[in-house]
Amino acid sequence: MKIAVYTFIGLLLLLVESSLLSFIPLEIFKPDLGIPFIIYTSLFLGPQAGIIATLFIGFMQEGLSAAPHGSILFVNIAIFLITIFLKRKLYIDSKYSFAFVCSGFVVLESFLFITLSLLARGEADNVLNILFYTIPNAVFTGFIAIFIFSFIEYLNVRYLERE
């Protein structure tokens, strides 16, 4: 039940991200809303729920982006695997630590895109563009992750039972 609710909320936020945030002319205010849901489901609901959320969010982002085919799904699965690997090392006790972890994973996501571009095509066309927007996107994603974590915790307390 929780997996379906969290994945549905994540997919709705991705639709909002792709439709409403495209009207904002500044690129630094474009957070990656999929990362907080991948991290939350992977850490708090387990690997099975995490891979389901990762695949749904990855396929949704693939369909809504102009990135090379399969690159976003590959990076999301890599983020999921790293999250599962670090599950016992990460200690998230508040929405602020969750935001910090989400910001770190957005930076890691950017470096994974650069590495994938270098390995796949042997060239780095947009490296400077990716590096320029990495930190602002990570900070803004962390800021949004505070509200996402608070909303999910509200849902857990109000409507869903927390494991």
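The paragraphs below set out a description of the structure included in this document. Keep in mind that this is a model prediction, so the values were computed, not measured. (Residues numbered from 1 in each chain as written. Predicted model: local features only at pLDDT ≥ 70, side-chain atom pairs only at ≥ 80, totals over all residues. Heavy atoms only, no water.)

### Side note on the overall build of the chain
Piece 1. Helix and strand counts for the chain stand at 6 helices and 0 strands.
Piece 2. Within the chain, the fraction of its 163 residues that count as buried is 43%.
Piece 3. Considering only residue pairs separated by 6 or more positions, the chain has 71% of its internal contacts joining residues 24 or more positions apart.
Piece 4. In the form shown here, the chain has an accessible surface area of approximately 9,200 Å², with 71% of it arising from carbon and sulfur atoms. (Helix = DSSP H or I, 4+ residues; strand = E, 2+ residues; numbered from the N terminus. Buried < 20%, exposed > 50% of the residue type's maximum accessible area, 1.4 Å probe, protein only. Contact = heavy atoms within 4.5 Å. Areas by Shrake-Rupley, 256 points an atom, 1.4 Å probe, with all protein chains shown as cover.)

### Quick look at a nonpolar patch on the surface
Piece 1. Taken together, the side chains of Phe151, Tyr154 and Tyr159 define a hydrophobic patch exposed on the protein surface, amounting to about 360 Å² of accessible area.
Piece 2. Looking at the element boundaries, Phe151 is found in helix 6 (residues 127–158). (Patch = residues over 30% accessible without salt bridge, like charges linked within 9 Å, V, L, I, M, F, W, Y side chains within 5 Å. Salt bridge = Lys/Arg side-chain N within 4 Å of Asp/Glu carboxyl O.)

### Details of helix 5 (residues 95–121)
Piece 1. Between its terminal C-alpha atoms helix 5 stretches 38 Å, which fits the 39 Å expected from 27 residues at 1.5 Å a residue.
Piece 2. Phi for Gly122, located one or two positions after helix 5, is positive at around 75 degrees. (Expected span 1.5 Å × (residues − 1).)

### Points about the nonpolar core
Side chains of a nonpolar character, in soluble globular proteins, are inclined to be buried together.
Piece 1. Residues Ile35, Phe37, Ile39, Ile79, Ile92, Phe98 and Phe105 are the most contacted members of the largest nonpolar core, which totals 28 residues.
Piece 2. Elements with a minimum of two residues in this core: helix 2 (34–45), helix 4 (71–85), helix 5 and helix 6. (Core = buried A, V, L, I, M, F, W, Y, C linked by side-chain atoms within 4.5 Å.)

### Comments concerning the environment of Gly50
Piece 1. With respect to the helices and strands, Gly50 occurs in helix 3 (residues 47–64).
Piece 2. Gly50 gets classed as buried once you look at its relative accessible area, which sits at 0%.
Piece 3. Once the C-alpha coordinates of Gly50 and Ile77 are considered, the two residues, 27 residues apart in sequence, prove to be 9.6 Å apart.
Piece 4. In this view, Gly50 contacts Thr41, Ser42 and Phe80; residues no more than four positions away in its chain are not counted.

### Section: the packing of aromatic side chains
Piece 1. As enumerated under the stated definition, the model contains 8 aromatic pairs in all.
Piece 2. Ring geometry for Phe98 against Phe149: centres 5.0 Å apart, planes inclined by 35 degrees, an arrangement best described as tilted. Of this pair, Phe98 sits in helix 5 while Phe149 sits in helix 6, and the two are 51 residues apart along the sequence. For the pair Phe98 and Phe149, a shared accessibility class is recorded, and that class is buried.
Piece 3. Ring geometry for Phe143 versus Phe147: centroids 5.2 Å apart, planes at 85 degrees, classification edge-to-face. Highlighted residues: Phe143 and Phe147, both in helix 6, separated by 4 residues, approximately one helical turn.
Piece 4. By the ring-pair criterion, three or more aromatic residues cluster together here, those being Tyr40, Phe44, Phe98 and Phe149. (Phe/Tyr/Trp six-rings, centres within 6.5 Å; stacked < 30°, edge-to-face > 60°.)

### Regarding the environment of Cys102
Piece 1. Of note, Cys102 is situated in helix 5.
Piece 2. Judged by its relative accessible area of 0%, Cys102 is buried.
Piece 3. In sequence terms Cys102 and Gly142 are 40 residues apart; their C-alpha atoms lie 5.7 Å from each other.
Piece 4. Leaving out residues up to four positions away in the same chain, Cys102 has contacts with Ile35, Pro36, Ile39 and Ala145.

### Observations concerning the packing of helix 4 against helix 5
Piece 1. Relative to each other, helix 4 and helix 5 sit at 130 degrees, their axes nearing to 10 Å. For the element pair helix 4 / helix 5, the angle class is oblique. The way helix 4 lies across helix 5 gives a crossing that is right-handed. Contacts between helix 4 and helix 5 pair Ser71, Ile72, Phe74, Val75, Asn76, Ala78, Ile79, Ile82 and Thr83 from the former with Phe105, Leu108, Glu109, Leu112, Phe113 and Leu116 from the latter. (Axes fitted to C-alpha atoms, helices over the stretch in contact; angles between N-to-C directions. Parallel < 35°, antiparallel > 145°, perpendicular 65-115°, else oblique. Left-handed = near helix turned anticlockwise from the far one by under 90°.)

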